[in-house]
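# Structural overview
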Amino acid sequence: MNWKMFAAAAAAVVTFGAGDALAGRDLDQIRARGNLLCGVQGPSNPGFGVPDAQGRWSGFNVEICRAIAITIFGDPNRVQFVPVTTQSRFPALSAGEVDVLSNNTTWTLTRDSNVNRFNFPAITFYDGQAIMVPRRLNVTSARQLNGATVCVQPGTTTELNISDFFRANNLRFTPVVIADLDEIRRAYDSGRCDVFTNDFAALAAQRTLLTRPADHVILPERLSKEPLAVTIRQGDEELTNIVAWTTFALIDAEEMGITQANVEQIAGSSTNPVVRRLLGVEGNMGESINAARPDFARQIIRTFGNYGEIFERHLGVNTPLGLERGMNNIWTRGGLLYAPPAR
Amino acid sequence: MSATTLTPSAPVQAAPRGPSFAERATGFLKACFDGPLNTAITLGCLAVLWFAVPPFWAWAVTNATWNGNAQACREAGGACWAFVREKFWFSIFGLYPFEERWRPATMITILVAMVIASTIRRFWTKWLFLAWAIAAPVMWMLMQGGILGLPYVQTRQWGGLTITGVIAVFGLALGYPLAILLALGRRSELTLVRWFCTAIIECVRGVPLISLLFMAAIMLPLFMPQGVTIDRLVRVLVAYTLFTAAYMAEVVRGGLQAMPKGQYEAADSIGLSYWQKMRLIILPQALTITIPAQVNTFIGLFKDTTLVVVIGVFDFFTTLRAALGDPNWLGFPTEAYLFAAFVYFVLCFAMSRYSQNLEKTLRPESR
């Protein structure tokens, strides 16, 4: 393509782009199409989104998308999962190949800016670089790791973060640089290094592959902030509200002790106005965010349970990943999950 | 194709009996221990085998797990072929809806039958083209559905070895004639045609396949008018076909240039038109002498189909990688990659053997 055509095409994109400030265009498109196109991480992401032997997707991010589909359509099955790679996710979202990304995308300023024009309605998972050590070292904090041998991948932010952390705390460490993640795990497993560092969720997945997973602990410190959020295009306030309040409903439900098992009973018997509004017994919360039905939150919880139940089913201590709640706990239990009230 | 114009080969004469097995074995041993250098190399190779084979055998066969779950695999310590078994059909059909798997199964059967039929020289008639022209839309309709009561399945749900087969067969089959036209165009005496073909070849060949696929899948929709969409798989197929054509065109051009000038002049002197000359004289020879180079390119392009993962198409290899993420089966990448290597090897080796066979039958004088 020559530069004149390119310039013309670029100008056309800018012109069209400027015109899409109308609220609800994406949501209208989703409703007209009859299903939600949900971008999930390809080839797969253990615990977050994996196709099973029959080709059906399951996982934490997958259920978030299904919950959004309940809010929009009242039907968890009106979702099409579109695998995207880390390279193709943003172009795919911009081009409308997907409506939402639910693939562990970190919310950052540049992505949220007017340059990239993405929106992050709500954080679904708090990740961050973590440190794993063998239990036999009797270490409870990363600050006790003076003189440790650390296995890291060269040229990654992981490497920079760990070296910053040790410098900032006046600690010495010996780096062992290995390019391949599987090799690092073997080196750590065989005792060549004391410390294995990576993002928390990925580190937990690696822990399951060690010879004795129970002999290793992930320390409480986080060396970086990775707030993972559902990502949509800018310019559709209605879709933003729907995504945000689907997530908030899951979190609020857990905070109020509403579970898959007791949701119907609570909806029938509760006199608490906050609970009644969330479950659509009174008020018009569903209507005001354009949900398909007034009791969308009740339907979501009946189908998938609250945030904690989804977490425990795919990522929690009883799954192969074995993640502790940590930051991803309700604020009343020491975590960071804090949703605005449904009123 | 052009091969129909060749005369049938002369009856094969019985080859003289070669040396007996004992003679050949002695000769082989002699060659192995002929002088200190050869002896050293032989002993070195034996030592490597001695250290490499038993551990591999123990891992892959003796301690291997063929049935059971991941726990059984981890306890046995050997290869976990149970993982490959568990994910085998997933690697064939990918994300295609489970209840509808009979459709890609039928499609693959038709595809394999058509490919096998196309390799048999007796079938190289216009009927074969007709058969393909009927089979291709039938296969597409079968996969996509939406008619005759078949549920509609979007192309983004197609996957596994099915999609690898579709992209490879159709990309290569459509790219090949296009390549011949491009090669002829590049050597044309019409300046405009020559420039046009050269530009296409150089532009397409000058960028990596990944960027072509990316343009086709992601960038193209940005430049299309609102509401106009072309199916993503079609866009990918077009990009792959163009890429195939550009590479093959250069191979074919090599064959064209290798033809002695006398062949062109002889064809001219008996008054053949341009197309008659190409069809009857030049192309049959040019294509035959370039078979090794063509197959080389074919095999390379076939393996390039794995690159469609960048735009989220789940081909065979990507499907296996997706299966690796199953939380219940974490930690068996070696088995999955060995299985993938085995499948790709079988397919590429089949292509290679077929081409050697073709070379022999098409060039009796080189036997």
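Residues numbered from 1 in each chain as written. Chains lettered and ligands numbered in written order. Predicted model: local features only at pLDDT ≥ 70, side-chain atom pairs only at ≥ 80, totals over all residues.

### Some points on the overall build of chain B
Along chain B, the regular secondary structure elements total 15 helices and one strand. By its C-alpha atoms, chain B is 75 × 75 × 40 Å across when sized along the principal axes. (Helix = DSSP H or I, 4+ residues; strand = E, 2+ residues; numbered from the N terminus.)

### A few points about the overall build of chain A
For chain A, the helix and strand inventory stands at 14 helices and 14 strands. In terms of C-alpha radius of gyration, chain A reaches 22 Å, essentially the compact-globule figure of 20 Å for 343 residues. The principal-axis extent of the C-alpha atoms belonging to chain A is close to 65 × 60 × 40 Å. Taking the intrachain contacts of chain A between residues at least 6 apart in sequence as the baseline, contacts between residues at least 24 apart amount to 72%. (Rg over C-alpha atoms; globule rule 2.2 N^0.38 Å. Contact = placed C-beta atoms within 7 Å.)

### A short note on the interface of chain B and chain A
Across the boundary between the two partners, chain B contributes 27 residues, which contact 31 residues of chain A. Sorting the residues of the side of chain B that touches chain A by element identifies helix H4 (81–93), helix H9 (209–223) and helix H14 (316–324) of chain B as the ones contributing at least two each. For the side of chain B that touches chain A, a count of residues per class yields 16 nonpolar, six polar and five charged. (Nonpolar A, V, L, I, M, F, W, Y, C, P; charged D, E, K, R; others polar.)

### Concerning the nonpolar core
Among the nonpolar cores identified, the biggest contains 170 residues, and Leu36, Cys38, Ile68 and Val100 of chain A together with Leu213, Val236 and Val252 of chain B are the most heavily contacted of them. For this core, the element with the most residues is helix H10 (residues 232–258) of chain B, which contributes 15 residues. The two domains that each donate at least three residues to this core are domain 1 (3–126 + 228–333) and domain 2 (129–224) of chain A. When sequence neighbours within four positions are dropped, the list of residues in contact with leucine 36 of chain A reads Ile30, Cys65, Ile68, Ala69, Ile72, Arg78, Val79, Asp99 and Val100 of chain A. (Core = buried A, V, L, I, M, F, W, Y, C linked by C-beta atoms within 7 Å. Buried ≥ 20, exposed ≤ 12 C-beta atoms within 10 Å, placed from the backbone. Domains from an automatic or database assignment.)

### Re the domain arrangement of chain A
All names here are of chain A. According to the domain assignment, chain A consists of domain 1 (3–126 + 228–333) and domain 2 (129–224). Computed from C-alpha atoms alone, the centre-to-centre distance between domain 1 and domain 2 is 32 Å. Looking at side-chain class alone, the side of domain 1 that touches domain 2 contains four nonpolar, one polar and no charged residues.

### Comments concerning the sheet that holds strand E4 (residues 79–84) of chain A
All names here are of chain A. Pairing is parallel in the open sheet, where three strands are placed in the order E4-E1-E5. The open sheet terminates on both sides in strands that have one partner only, identified here as E4 and strand E5 (100–101). Looking at chain direction, strand E1 (residues 36–41) and E4 are connected through six bridges and run parallel. Counterpart to leucine 36 in the pairing with E4 is valine 79. Each of E1, E4 and E5 touches helix H3 (residues 60–73); the most contacted strand, E1, lies at about 170° to it. (Pairing = 2+ DSSP bridges. Axes fitted to C-alpha atoms, helices over the stretch in contact; angles between N-to-C directions.)

### Some details on the sheet that holds strand E10 (residues 173–177) of chain A
For sheets, the rule is that strands pair by backbone hydrogen bonds, running either parallel or antiparallel. Residues and elements named next belong to chain A. One open sheet holds the five strands; their spatial order is E10-E9-E11-E8-E12, and the pairing between them is mixed. One side of each edge strand has no neighbouring strand; the edge strands of this open sheet are E10 and strand E12 (216–218). Taking each pair of neighbouring strands and ignoring which way they run, the sheet shows an average axis angle of 30°. Here two bridges tie strand E9 (residues 148–152) to strand E11 (residues 195–199), and the two strands are oriented parallel to one another. Residue valine 150 lies in a different strand from E11, and its bridge partner there is valine 195. Strands in contact with helix H6 (residues 157–168) are strand E8 (129–134), E9, E10 and E11; relative to E9, the strand with the most contacts, it is inclined by about 160°. Helix H7 (residues 181–189) rests against E9, E10 and E11 of the sheet, and its axis sits at about 160° to E9.

### Notes on helix H12 (residues 274–289) of chain B
All names here are of chain B. Helix length check: H12 (16 residues) gives 21 Å between terminal C-alpha atoms against 22 Å at 1.5 Å per residue, within 8%. For H12, the principal kink sits at isoleucine 282 and spans about 50°; a proline, proline 284, occurs within the next four residues. Looking at H12, one finds that the buried residues are Ile281, Ile282, Leu283, Ala286 and Leu287. Each element contacted by the buried residues of H12 is listed here: helix H7 (160–186), H10 and helix H11 (261–269). (Expected span 1.5 Å × (residues − 1). Bend = angle between axes of the 7 residues up to and from the residue.)

### Quick notes on the confidence of the model for chain B
Residues and elements named next belong to chain B. In this model, chain B carries a mean pLDDT of 83, and residues with pLDDT of at least 70 account for 93%. The low-confidence segment residues 1–8, where pLDDT is below 50, has 14 contacts with residues more than four positions distant or belonging to other chains. Overall fold confidence (pTM) sits at 0.79, and the ipTM for the predicted complex is 0.74. (pLDDT = per-residue confidence, 0-100.)

### Some details on unusual backbone geometry
Residues other than glycine predominantly adopt negative phi, and peptide bonds predominantly adopt the trans conformation. Residues and elements named next belong to chain A. Positive phi, close to 55°, is recorded for asparagine 170, a residue that is not glycine. Relative to the assigned elements, asparagine 170 resides in the loop between H6 and E10. Non-glycine residue asparagine 290 carries a positive phi angle of around 70°. Counting through the fold element by element, asparagine 290 comes out in the loop between helix H12 (285–288) and helix H13 (296–304).

### Some remarks on the packing of H4 of chain B against helix H15 (residues 333–362) of chain B
Residues and elements named next belong to chain B. Remark: H4 packs on H15, axes separated minimally by 8 Å, with the N-to-C direction vectors making an angle of 60°. If you check the angle between H4 and H15, you find them oblique. Considering the relative orientation of H4 and H15, their crossing is right-handed. Where H4 abuts H15, its residues Trp81, Phe83 and Val84 lie against Glu335, Ala336 and Phe339. A breakdown of the residues in the contact of H4 with H15 according to their chemical character gives five nonpolar, no polar and one charged. (Parallel < 35°, antiparallel > 145°, perpendicular 65-115°, else oblique. Left-handed = near helix turned anticlockwise from the far one by under 90°.)

### Section: the pairing of E8 of chain A
Residue and element names in this part refer to chain A. The element E8 is extensively covered by neighbouring structure, given that five of its six residues are classed as buried. Pairing geometry for E8 and E11, over four bridges, is antiparallel. Within the sheet, the bridge partner assigned to alanine 130 lies in E11 and is asparagine 198. Examined bridge by bridge, E8 and E12 share three bridges and lie antiparallel to one another. Residue proline 134 lies in a different strand from E12, and its bridge partner there is histidine 216.

### Topic: the environment of alanine 58 of chain B
All names here are of chain B. With respect to the element layout, alanine 58 can be found in helix H2 (residues 35–62). Spatially, the C-alpha atom of alanine 58 lies 41 Å from that of glycine 171, the residues being 113 residues apart in sequence. Every residue in contact with alanine 58, bar those within four places of it in the chain, is listed here: Asn63 and Gly78.

### Quick word on the packing of helix H5 (residues 102–119) of chain B against helix H6 (residues 126–144) of chain B
All names here are of chain B. Between H5 and H6, the least distance of the axes is 10 Å, while the angle of their chain directions is 165°. For the element pair H5 / H6, the angle class is roughly antiparallel. You can see that H5 and H6 cross each other, and the crossing is left-handed. Between H5 and H6, the residues in contact are Arg103, Pro104, Thr106, Met107, Ile110, Leu111, Met114 and Ser118 and Leu128, Ala131, Trp132, Ala135, Met139, Leu142 and Met143, respectively. Its residues assigned to classes, the contact of H5 with H6 comprises 12 nonpolar, two polar and one charged.

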